[in-house]
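Take a look at the letters that make up each chain.
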Amino acid sequence: MNTAADAFPIIDAHHHLWAPQSDPGQVGYVWLRDLGAPKPFGDPTPIQRDYLINEFLAEPDPRTLAGSVHVQCDPKLPNPVKETAFIQGISDASGHPIMIVGFADLASGDFAGQLSGHLAHANLRGIRQIIAHLLDRPDISFAATNLLADLTWRGQYALLADHGLSFDLQLYPEQMPEAADFLAQHPDVPVVIDHIGSPHDLSDAGLTRWSSGMRALAHLPHVCVKLSGYAMYFRSELAGRAVRLTQDTLRMFGPDRVMFGSNFPVDSLHLTYPDLLDFVIGQVDDDPSVLEKVMYRNAHRFYRFGGT
C-alpha cells in the first residue's frame, strides 16, 4: 500500500449502485434482470443483484472514500429520472456525497424534458449516453447506431451547456477522431472520457489507433479522462499493456485532467478494489500533490463537489 495516498481523501469518479432484486426506487432495471445475457464486458451474472451503498463503501478497506460519482447503468430504463432520484435518496440518507451522472437520450424528442426531470435533483452533474459503436462488431457495441452522425443528437448536445452539465464520453478508439472534431465545437461542455478510452483491441494496430485517437481528444483542453474500466479490457492482468496505456494517458492529458474511477461493481468481476487502487496509485507520480489531483481534486473540481 502506498502510504502517500492515505494523506488525503479519495473520490471514486466512476461507480454504480443498483437494486434489481429489491428495486425500492421502482427504477425498472432491464439488463440487470436479464440474467446471464452476455454484455460487451463478459458474463454479468455475478453482478446482476443488489449492490448498494454499504457494500460499496466497504470495498476500499482499509482506505475510505470522501465522495463518489454514480454513473447511469441502463439506457433502457422506462424513466431514467427514477434512477437519479434513487441515487439522490441514497446520498441524502447515508451522508456520503454522491454526485450523479444520469442517462438521457440526446436523439430523443423528449431530451429537454428528461433533462428537466434530472435537474430537479441537487446532485445531478452530468449526462452519459454511451456512444460506443462499431459497425462490424455488434457484439461489443453499446449503441445500435453511430450517434455522432445523428443530426438530432448533435443538435441537442448544446443543451448540456445551457444547464451547466458535463458529458461522460464512452466510445471506442475508432470513433475518437470524429468525436474530437465534434467536441471542438462545444468547448463549453466539460467532457470526461470513460474507461481509459475503451481499448478493446490490444493488438499493435489497435494500440496505435487508440494512441492516435486519445491524442486528438487530449488536444481539447475541456476534455479529461478516467483511469477506470481496467477489468473490462485487461481482466485481472494489471501489467504490460495496462501499464503502457496508463502511462501514455498520464503523459497525454497531464496531472490536471486525469481522475480515478473504480467502475465497481463491474470491475469486481476480475479485480478487488484494493488491488485496483494500488495499481492506479502506483502508476501515478510519487509527488503527493500529483497523487492528490488524480485521486481527489480533479474529480472534486470536474463534478463540482462544492456545489458550484
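This report concerns the structure included in the present document. (Residues numbered from 1 in each chain as written. Predicted model: local features only at pLDDT ≥ 70, side-chain atom pairs only at ≥ 80, totals over all residues. Heavy atoms only, no water.)

**Section: the overall build of the chain**
Here is step 1 of the chain: Across its full length, the chain carries 11 helices and eight strands.
Here is step 2 of the chain: With the C-alpha coordinates aligned to their principal axes, the bounding extent of the chain is approximately 50 × 40 × 40 Å.
Here is step 3 of the chain: Per-residue burial over the chain gives 56% buried out of 308 residues.
Here is step 4 of the chain: Counting 22 positive and 36 negative side-chain charges, the chain places the centres of these two groups 3 Å from one another. (Helix = DSSP H or I, 4+ residues; strand = E, 2+ residues; numbered from the N terminus. Buried < 20%, exposed > 50% of the residue type's maximum accessible area, 1.4 Å probe, protein only. Lys, Arg positive; Asp, Glu negative; His and termini not counted. Charge placed at Lys NZ, Arg CZ, Asp CG, Glu CD.)

**Focus on the pattern of salt bridges**
Here is step 1 of the chain: What the rule picks out here adds up to 12 salt bridges.
Here is step 2 of the chain: Note that D168 and K226 form a salt bridge whose closest N and O atoms lie 2.7 Å from each other. One end of the pair, D168, is in strand β5 (residues 166-169); the other, K226, is in strand β7 (residues 223-227), and 58 residues separate them in sequence.
Here is step 3 of the chain: When its relative accessible area of 0% is taken as the criterion, K226 is described as buried.
Here is step 4 of the chain: Members of the salt-bridge network, linked through shared partners, are R128, D168, D194 and K226. (Salt bridge = Lys/Arg side-chain N within 4 Å of Asp/Glu carboxyl O.)

**Structural notes on the pairing of strand β2 (residues 67-71)**
Here is step 1 of the chain: The buried count for β2 comes to five of five residues, which makes it a mostly enclosed element.
Here is step 2 of the chain: The side-chain alternation of β2 yields two buried faces, one formed by G67, V69 and V71 and the other by S68 and H70.
Here is step 3 of the chain: In this sheet, β2 lies alongside strand β1 (residues 11-15) in parallel orientation, the contact comprising three bridges. Its bridge partner lying in β2, D12 is registered against S68.
Here is step 4 of the chain: For the handedness criterion, the β-α-β arrangement of β1, helix α1 (residues 53-58) and β2 is classed as right-handed.
Here is step 5 of the chain: As defined by bridge partners, β2 adjoins strand β3 (residues 98-102) across four bridges and the pair is classed as parallel. (Pairing = 2+ DSSP bridges. Right-handed = clockwise from strand over helix to strand, strands pointing away.)

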